[in-house]
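# Analysis of the macromolecular model
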Amino acid sequence: MERDVQQVESGRARVRRVLIDPLEAGGMVRKRGVSVADHEKAMEKLADKLSYMTEDGLKGLAMYLIRMAGERNVWPQLNIVLRCAWSMEPPPPRDNDFLMSLMRSRAGEAALSGGYAAELFTEARRLGPPPSKYMRLTLQEKARASRDRKRLIEDRIRRDVATREDREWLERYLRVSAEAEALIREGIEKRQTERDAA
């Protein structure tokens, strides 16, 4: 029965039911100096931004926020709640504004030509900052290791000795690579269109 409820309710309603309402019923209050209207706007934004999360993810986040709030039992700032949520359960790629922006930027284009687009995509999904020069070198090393592993697994598949883990890794890697390249190409096409229109 509970499963049926989860299927028909919206993600926003799930955030309200599992995270916001129980915490407020438990006594979590708005920060002093924040108006009721501003607090409600923040809760609406929270419900919107976390609507992708699973019920288990929201329950885990609620427990974390209770510990974070401590004795004062005050809602943390919205950006802190979002950062906690995203570190526990990252949003889907197309709902991740930072990821979309980075992959469609010139940094994404550089990653594609440098051969580390899938690695940049994976790191950016964790909502890290734009990559530094050191991080780009690290991503390039990871990309080399991934390409070596890909070749090894493809060879194992040809020889019919690949494990299930090998096949799952390769499937994930190819899926991430395709998604990363698609986003980067969208950015390249957009910049080209803008240049042509100018």
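Residues numbered from 1 in each chain as written. Predicted model: local features only at pLDDT ≥ 70, side-chain atom pairs only at ≥ 80, totals over all residues. Heavy atoms only, no water.

### Examining the overall build of the chain
Assigned secondary structure in the chain consists of 10 helices and zero strands. Reading the helices (α) and strands (β) of the chain from amino to carboxyl end gives α-α-α-α-α-α-α-α-α-α. Relative to the 2.2 N^0.38 estimate, which gives 16 Å for 198 residues, the radius of gyration of the chain is 21 Å and therefore markedly larger than a compact globule would have. Dimensions along the principal axes, computed over C-alpha positions, put the chain at roughly 60 × 50 × 35 Å. Within the chain, contacts between residues at least 6 apart in sequence are counted, and of these 71% link residues at least 24 apart. (Helix = DSSP H or I, 4+ residues; strand = E, 2+ residues; numbered from the N terminus. Rg over C-alpha atoms; globule rule 2.2 N^0.38 Å. Contact = heavy atoms within 4.5 Å.)

### Structural notes on a nonpolar patch on the surface
Among the surface-exposed residues, Tyr64, Met68 and Met88 lie close enough to one another that they form a single nonpolar patch of about 260 Å² accessible area. Relative to the helices and strands, Met68 resides in helix H4 (residues 55-69). (Patch = residues over 30% accessible without salt bridge, like charges linked within 9 Å, V, L, I, M, F, W, Y side chains within 5 Å. Areas by Shrake-Rupley, 256 points an atom, 1.4 Å probe, with all protein chains shown as cover. Salt bridge = Lys/Arg side-chain N within 4 Å of Asp/Glu carboxyl O.)

### Section: unusual backbone geometry
At Asn73, a residue that is not glycine, the phi angle is positive and equals roughly 55°. Secondary-structure assignment places Asn73 in the loop between H4 and helix H5 (78-88). On the basis of relative accessible area, Asn73 is assigned to the buried category, the value being 19%. Although it is not a glycine, Asp160 sits at a positive phi angle of roughly 60°. (Buried < 20%, exposed > 50% of the residue type's maximum accessible area, 1.4 Å probe, protein only.)

### Let's talk about the environment of Lys142
Along the chain, Lys142 falls in helix H9 (residues 133-158). When the C-alpha positions of Lys142 and Leu120 are compared, they lie 9.8 Å apart, and in sequence the two are 22 residues distant. If we skip the residues at most four places from it in the chain, Lys142 touches Glu119 and Glu123. Within polar-contact distance, the side chain of Lys142 engages the side chain of Glu123 at 3.2 Å. (Polar contact = N/O pair within 3.5 Å; in protein donor to acceptor, adjacent residues only side chain to side chain.)

### Overview of the nonpolar core
Core analysis: the biggest nonpolar cluster contains 22 residues, and Leu19, Ile20, Leu46, Leu50, Leu61 and Trp75 have the highest contact counts within it. With residues near it in sequence (within four places) discarded, Trp75 still touches Ile20, Leu23, Glu24, Met28, Val29, Arg30, His39, Met43, Leu46 and Leu65. Residues Leu99, Leu120, Ala180 and Leu183 belong to the second largest nonpolar core, which totals 15 residues. (Core = buried A, V, L, I, M, F, W, Y, C linked by side-chain atoms within 4.5 Å.)

### Quick look at the environment of Glu123
Looking at the element boundaries, Glu123 is found in helix H8 (residues 117-125). Spatially, the C-alpha atom of Glu123 lies 30 Å from that of Arg16, the residues being 107 residues apart in sequence.

### Considering the side chain of Arg16
Of note, Arg16 is situated in helix H2 (residues 11-25). Residue Arg16 is classed as buried on the basis of its relative accessible area, which comes to 18%.

### Side note on the environment of Leu137
Among the structural elements, Leu137 can be located in helix H9. Overall, the relative accessible area of 43% leaves Leu137 in the partly exposed class. Placed 21 residues apart in sequence, Leu137 and Tyr116 show a C-alpha to C-alpha distance of 9.5 Å.

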